[in-house]
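What follows is each chain in one-letter form.
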Amino acid sequence: MYAYAWIGTLESMTETITIRRPTAAAGEDVSAPTFTVDGPLEGLRVGLRTDLAWRSWQLIADIWADYLRRDGAHPVTVETSAQVGDTASQDRSHIEQLAEDVDCAIVGLGTCGSCTSFAIADAVIVEKHRKPSIAVVAEEFATHGHNMARHLGHGDLKILVLPYPLEARPEHELREIADTYYPTALKLLGVRP
Amino acid sequence: MTAGSLTAETIELDADPRALYELSLEERWGDGVPLLPPTDDVIESLLVTTPYPPEHVLCALPPRYGVATVELVAINAAMAGCTPAAFPYVIAALDAITVPEWNAFGLTTTTSSVFPMLIVNGPSRDDVGIDYRAGCMGGAAGRGSMTIGRAVSLCLRNIGGQRAGDTSRSVFGQPARFGMCFGEWEERSPWPSLARRRGFDETDDVMTVHGGKGTFPLADINNDDPRDLLYLLAKSIAFPLSNMYLGHAENGQVVLAINPMWAERFAAPFPDVEEMQAFLWEHAWQPVELWPAPNQEILRKKERVRDDGRVHLVERPDQIVPIVCGGLGSLHAIALPSFGESEMQSVAVVRA
Amino acid sequence: MMDDRDVAAAVDEVGALLRADGADLLLLDADPKTARIRLRLVLEGASCEECVLPPDMLRDVIDDSLRRRVHDEFELVIDDPRRDA
């Protein structure tokens with residue numbers, strides 16, 4: 001039997017006790033609106049958010065930027081690098097500005113726990129500006145990405161899942177991944193010919 | 001206060017303590033270790049120690065942004081075995097954790113092992129049972145230390161929804177996830193306490209929360225000159241796979257827990273703690289050549305390499321945070337390496 | 001945390017041994033907050049200084065007497081005039 005420093009109302013061990021549930025109620029499953037391009041790519045300003053941490057994604061984003069230009073769109077790149085401090089404040093401001101300036105955005109990369117959380121959060125910023133937005137998350141963190149989107153109230157945020165891991169892959173594999181998933185990214189954005 | 005003021009769902013169960021334990025495992029409330037029953041009388045005894053009504057919302061706890069009312073926090077603190085005197089420290093810790101610059105959003109979801117490490121200052125340490133002497137980071141078993149840390153951990157789990165393998169992507173976790181709360185041995189420190197250095201009065205009871213990745217043990221039996229020993233401590237904390245090299249040098253802190261005997265030795269050449277921090281910073285670096293070539297390129301791109309080829313662990317001396325604690329056996333220090341993208345937060349303990 | 005009475009009892013026990021040779025042991029301070037115990041060996045009344053326990057042995061005897069009574073860690077500081085000489 002446990003010892004208490006104060007008198008409890010614990011009854012005989014053959015009877016029952018009443019306790020309180022320690023968990024917070026689950027939030028309502030409300031999802032903010034999500035948006036699609038629903039038109040051609042040509043002429044669109046497409047935001048590309050990279051992160052200083054992930055060189056694999058920087059390469060893929062560079063390749064996609066070239067493809068976007070090839071296909072008549074105008075890529076606008078923003079690189080984030082911090083989660084706290086002045087640099088983080090600037091990063092979030094840049095994302096807000098990006099969301100203002102572009103027609104749609106591709107936000108990556110989620111390939112760890114906290115970076116997935118922040119990639120989702122930045123994709124949500126774009127969606128809050130009523131712009132089509134997709135988050136790019138590596139497979140290992142896809143469920144986490146969907147969870148974070150839901151917890152932020154944007155459960156319908158579109159997430160493009162790339163293979164995991166991406167870092168430490170040789171360049172030719174990353175190029176193949178870039179080629180393979182570029183059409184999928186456009187499809188998720190709702191680009192139509 | 002009457003039971004009518006509590007609103008959390010009631011659950012009736014067998015009075016056998018094992019029944020609660022089994023329920024906690026089934027409902028995933030717990031940390032795998034038996035819990036105490038959060039009955040109304042116990043919860044209310046905790047609530048009277050704070051100035052807040054039970055329905056007061058303290059914060060929304062990541063990762064699921066569960067709403068942490070004072071009542072819910074008290075329920076979890078009751079399960080952890082907190083005494084009424086300890087409960088305000090739990091509240092203070094959650095206040096600190098949810099300061100945006102602590103980055104609970106990142107730290108509760110990361111693959112890293114980081115978890116809140118609670119450091120207590122102030123005149124009430126002994127009254128509450130905070131460990132700051134031998135075994136303060138494990139083994140001393142002070143009631144305050146063990147239950148406050150655990151209460152915070154249970155709140156993150158049950159209110160914030162942080163669960164390893166699910167919302168928390170932590171690859172390894174660490175022992176501090178059961179709860180880690182220790183104090184500074186202020187009376188044996190030759191320098192102002194951590195709380196004083198962070199702007200609090202010596203009469204304040206203060207809770208500081210550090211996002212620490214684990215306890216990194218450092219030992220020495222050889223060095224007679226305290227400056228030599230400090231040099232080696234600085235080199236040790238600047239280990240090449242430190243999180244501090246992954247991001248921005250200006251973010252985060254590394255805590256260096258120094259035992260009282262070493263503190264006395266260090267105070268001889270460094271009666272001023274800022275000068276000791278400057279000395280540590282001066283030596284807490286590695287040459288960029290230590291890293292393989294691809295890493296060197298990355299460090300250069302991240303602007304971490306100075307003109308002299310040094311890669312400093314942190315940008316400023318104040319990011320190396322010494323505290324005095326531990327036993328009188330000397331010979332050891334402990335570093336609490338940082339997640340990096342998180343700023344240590346300190347909050348005064350508020351009582352009714 | 002250490003109790004004054006336990007420390008005083010240990011000091012008295014060792015003091016009794018020393019008084020046989022005309023020396024004595026004084027308790028200067030026992031601070032539970034710092035865990036420091038400060039003692040002073042008094043030799044003024046000693047008929048023969050060499051008869052009093054040598055410094056290292058005296059420390060061991062005092063330490064042993066304290067540890068039988070004080071179960072927390074402590075730092076023992078002895079003001080022994082023979083070390084200062």
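For the structure itself, look to the data block above.
Residues numbered from 1 in each chain as written. Chains lettered and ligands numbered in written order. Predicted model: local features only at pLDDT ≥ 70, side-chain atom pairs only at ≥ 80, totals over all residues.

**Student:** Give me the lowdown on the interface of chain A and chain B, citing residues and values where you can.
**Tutor:** On the side of chain B, 53 residues touch chain A, which itself brings 37 residues to the contact. No other element matches strand E1 (residues 16-20) of chain A, which puts 5 residues into the side of chain A that touches chain B. Relative to strand E1 (residues 10-14) of chain B, E1(A) is paired through 5 bridges, and the arrangement is antiparallel. Residue Ile19(A) lies in a different strand from E1(B), and its bridge partner there is Ile11(B). (Contact = placed C-beta atoms within 7 Å. Helix = DSSP H or I, 4+ residues; strand = E, 2+ residues; numbered from the N terminus. Pairing = 2+ DSSP bridges.)

**Student:** Go over the pairing of strand E11 (residues 320-324) of chain B, please, and point to the residues and values.
**Tutor:** Residues and elements named next belong to chain B. Summarising burial for E11: 5 of the 5 residues are buried, a large majority. As paired elements, strand E8 (residues 254-258) and E11 share 5 bridges and run parallel to each other. From the neighbouring strand, Val255 faces E11, where its bridge partner is Val321. (Buried ≥ 20, exposed ≤ 12 C-beta atoms within 10 Å, placed from the backbone.)

**Student:** Please set out the interface of chain C and chain B residue by residue, giving values where relevant.
**Tutor:** One frequently used descriptor of interface size is the decrease in accessible area upon assembly of the parts. At the interface, 5 residues of chain C touch 6 residues of chain B. Split into classes, the residues belonging to the side of chain C that touches chain B amount to 1 nonpolar, 1 polar and 3 charged. (Nonpolar A, V, L, I, M, F, W, Y, C, P; charged D, E, K, R; others polar.)

**Student:** Could you give an account of the pairing of E8(B), naming the residues involved and the relevant values?
**Tutor:** As a general feature of sheets, a regular strand has side chains that alternate between the two faces. Of all 5 residues in E8(B), 5 are buried, a share of seventy percent or more. The alternating pattern of E8(B) places Val254(B), Leu256(B) and Ile258(B) and Val255(B) and Ala257(B) on opposite faces, both of which are buried.

**Student:** Run through unusual backbone geometry, naming residues and quoting values.
**Tutor:** The linkage connecting Tyr164(A) with the following residue, Pro165(A), adopts the cis geometry, with an omega of -5 degrees. For Pro165(A), the location among the structural elements is in the loop between strand E6 (158-162) and helix H5 (171-189). The omega torsion across Pro62(B) and Pro63(B) is 5 degrees, close enough to zero to call that bond cis. Here Pro63(B) lies in the loop between strand E2 (57-61) and strand E3 (66-69). Unusually for a residue other than glycine, Arg130(A) sits at a positive phi of about 65 degrees. Here Arg130(A) is to be found in the loop between helix H3 (113-128) and strand E5 (133-138). When the 12 C-beta atoms within 10 Å are taken as the criterion, Arg130(A) is described as exposed. Within the chain, Arg28(B) stands out as a residue other than glycine whose phi angle is a positive 65 degrees. With respect to the helices and strands, the residue Arg28(B) is situated in the loop between helix H1 (17-27) and helix H2 (40-47).

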